[in-house]
Amino acid sequence: MGCDGGTIPKRHELVKGPKKVEKVDKNAELAARWKYCALSTEKLRRPIVACDLGRLYNKDAVIEYLLDKSADRPNSEVASHLRGIKDIKELNLTDNPAWEGERRNTKGDRYEDMHCAMFICPVVGLEMNGKHRFCFLQTCGCVFSDRALKEVKTEICHKCGDPFKDENLVVLNGTKEEVEKLREKMEEKRAKAKASKKPKKNKVAETVAKPSDSKENPESTETVSSEGQTSTQNGGDNSQPAVLEPPASSSTKVVTPSAATGSKRSIQTMEEKSETYKSLFTSHSSAKRTKDQTSNWVTHTPYHF
């Protein structure tokens, strides 16, 4: 079977086979993960932060997301595990001296190296472009390559000198297996933080309950001697002595429940207080004037001109 002009079609032109799987360029994938924000898909710029899963974000993008967690925001699933600013850590990155910035190829007549990164490892000098494994410390936020941590094994940060442990290391842009391990570690850390808050609340409740227990026992009496010794006795317990017997030479002072609590006052003190209260008013006898103190009525006739 021929077409116009005597051409003969081939088999792949007539029969459509299965579509080929599109392969993503590795260089483009690495650039998207290490040069762009995982939330806003904008270029990374200082201040740069990272989460417990090792993803890189722009700090302003994370703050905007925390203020407005609407479903319309793109890539909201990437930061769904973020609850607040405490879940991110600002990174202390080291600039790459070979990085010329975006203005170096304005005319488009120069070769642009995709593997050239903005930041490097301060110990070994490897570029943070995705080809090498990098980690950051949750304590201080300094970033190092995995090779530097293996070659120079210390428990002190190489850049700022703060102590750290292996548990504080978080891999940046790790594989799926590494991300799953970091997620389990993050959930365990949050569970421990919740468990530590509960005992503190129980301690506060116990301290509040202790003074209330002493008020609920009004039958308990307390005796104070001149030597500073005290003894208490409950009404229902006959095993304890009622009052400590002081020596003959020393004087004793017994504090009764009415004197300690102040609930029952003597009639004499109440009358004295009432008299002082009544004396504040002009109707009291002390406020009235005698006949000698009073004066005659004086009239005044105003004149209007």
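Residues numbered from 1 in each chain as written. Predicted model: local features only at pLDDT ≥ 70, side-chain atom pairs only at ≥ 80, totals over all residues. Heavy atoms only, no water.

J.: Whenever I open this one, the overall build of the protein chain confuses me. Can you help?
T.: For the protein chain, the helix and strand inventory stands at 7 helices and 11 strands. Restricting the contact set of the protein chain to residue pairs at least 6 apart, pairs at least 24 apart contribute 44%. If you sum the accessible surface of the protein chain, you get close to 24100 Å²; carbon and sulfur atoms cover 52% of it. (Helix = DSSP H or I, 4+ residues; strand = E, 2+ residues; numbered from the N terminus. Contact = heavy atoms within 4.5 Å. Areas by Shrake-Rupley, 256 points an atom, 1.4 Å probe, with all protein chains shown as cover.)

J.: Where do I start with a nonpolar patch on the surface in this structure?
T.: Taken together, I63, L67 and I85 make up a surface patch of nonpolar side chains, about 320 Å² in accessible area. Taking the relative accessible area as the measure of exposure, L67 reaches 73% and is therefore exposed. (Patch = residues over 30% accessible without salt bridge, like charges linked within 9 Å, V, L, I, M, F, W, Y side chains within 5 Å. Salt bridge = Lys/Arg side-chain N within 4 Å of Asp/Glu carboxyl O. Buried < 20%, exposed > 50% of the residue type's maximum accessible area, 1.4 Å probe, protein only.)

J.: Explain the sheet that holds strand β8 (residues 169-171) to me, please; I cannot follow it from the model alone.
T.: Sheet strands pair via backbone hydrogen bonds, and the direction of the pair is either parallel or antiparallel. Strand order across the open sheet formed by 3 strands is β7-β6-β8, with antiparallel pairing between neighbours. Every other strand in the sheet has two partners, leaving β7 (143-145) and β8 as the edge strands with one partner each. For this sheet, the mean inter-axis angle between neighbouring strands, taken without regard to orientation, is 35 degrees. Here strand β6 (residues 134-137) runs beside β8; their pairing, made up of 3 bridges, is antiparallel. Along β8, the bridge assignment pairs L137 with L169. (Pairing = 2+ DSSP bridges. Axes fitted to C-alpha atoms, helices over the stretch in contact; angles between N-to-C directions.)

J.: When you look at the side chain of S145 in this model, what are you seeing that I'm missing?
T.: With respect to the helices and strands, S145 occurs in strand β7. Among all residues touching S145, those that are not within four sequence positions of it are C121, V124, L126, R133 and F134.

J.: How should I be thinking about the pairing of β6 in this particular structure?
T.: On a regular strand, each side chain points to the face opposite its neighbour's, so the side chains alternate between the two faces of the sheet. Taking every second residue as pointing to the same face, both faces of β6 are buried, with F134 and F136 on one and C135 and L137 on the other. Two strands pair when backbone bridges link them, and β6 and β7 are joined in this way by 3 bridges, in the antiparallel orientation. Across the sheet, residue F134 finds its bridge partner in β7, namely S145.

J.: Honestly, a negative patch on the surface in this entry has me stumped. Any pointers?
T.: Taken together, the side chains of E177, E180, E184, E187 and E188 define an acidic patch exposed on the protein surface. For E180, the position within the fold is in helix α5 (residues 176-215). (Lys, Arg positive; Asp, Glu negative; His and termini not counted. Charge placed at Lys NZ, Arg CZ, Asp CG, Glu CD.)

J.: How do you make sense of a positive patch on the surface when you look at a structure like this?
T.: A grouping of K86, K194, K197 and K198 is seen on the molecular surface, where their side chains present a positively charged patch. You can see K86 is positioned in the loop between α3 (59-67) and β3 (88-90).

J.: How should I be thinking about the pattern of salt bridges in this particular structure?
T.: Side-chain pairs of opposite charge can arise whenever the charged atoms involved come near each other. Tallied over the full model, the rule gives 9 salt bridges. Close ionic contact of R45 with E42 constitutes a salt bridge, the shortest N to O distance being 3.3 Å. The class for R45 is partly exposed, based on a relative accessible area of 38%. With its nearest N and O atoms 3.4 Å apart, the salt bridge here joins D87 to R190. In this pair, D87 is assigned in the loop between α3 and β3 and R190 in helix α5, connecting sequence segments 103 residues apart. Judged by its relative accessible area of 19%, R190 falls in the buried class. Each of the salt bridges in this network shares a partner with another, and the network as a whole consists of R133, D146, K150 and E178.

J.: Explain the nonpolar core to me, please; I cannot follow it from the model alone.
T.: Looking at soluble globular proteins, one finds that nonpolar side chains tend to be buried together. By size, the foremost hydrophobic cluster in this structure holds 39 residues, and its most contacted members are L91, M128, F134, V143 and L172. Discounting chain neighbours no more than four positions away, the residues touching V143 are L91, N92, L93, P122, M128, F134, C135, F136 and L172. (Core = buried A, V, L, I, M, F, W, Y, C linked by side-chain atoms within 4.5 Å.)

J.: Even after reading the chapter, I still don't get the sheet that holds strand β2 (residues 56-58), so can you show me in this structure?
T.: Strand order in the open sheet made by the 3 strands is β2-β1-β3, with antiparallel pairing throughout. Edge positions in the open sheet fall to β2 and β3, since each of these has one partner strand only. The mean inter-strand angle of the sheet, taken between neighbouring strand axes irrespective of direction, is 40 degrees. Examined bridge by bridge, strand β1 (residues 48-51) and β2 share 3 bridges and lie antiparallel to one another. The partner of I48 across the bridge, within β2, is N58. Lying on the sheet, α3 is in contact with β1, β2 and β3; it crosses β2 at an angle near 80 degrees.

J.: Where do I start with unusual backbone geometry in this structure?
T.: In the segment running from R46 into P47, the intervening peptide bond is cis, with an omega of 0 degrees. With a phi close to 55 degrees, T41 is a non-glycine residue in the positive phi region. Relative to the helices and strands, T41 resides in the loop between α2 (26-34) and β1. The backbone of N173 sits at a positive phi, close to 50 degrees, despite the residue not being glycine.

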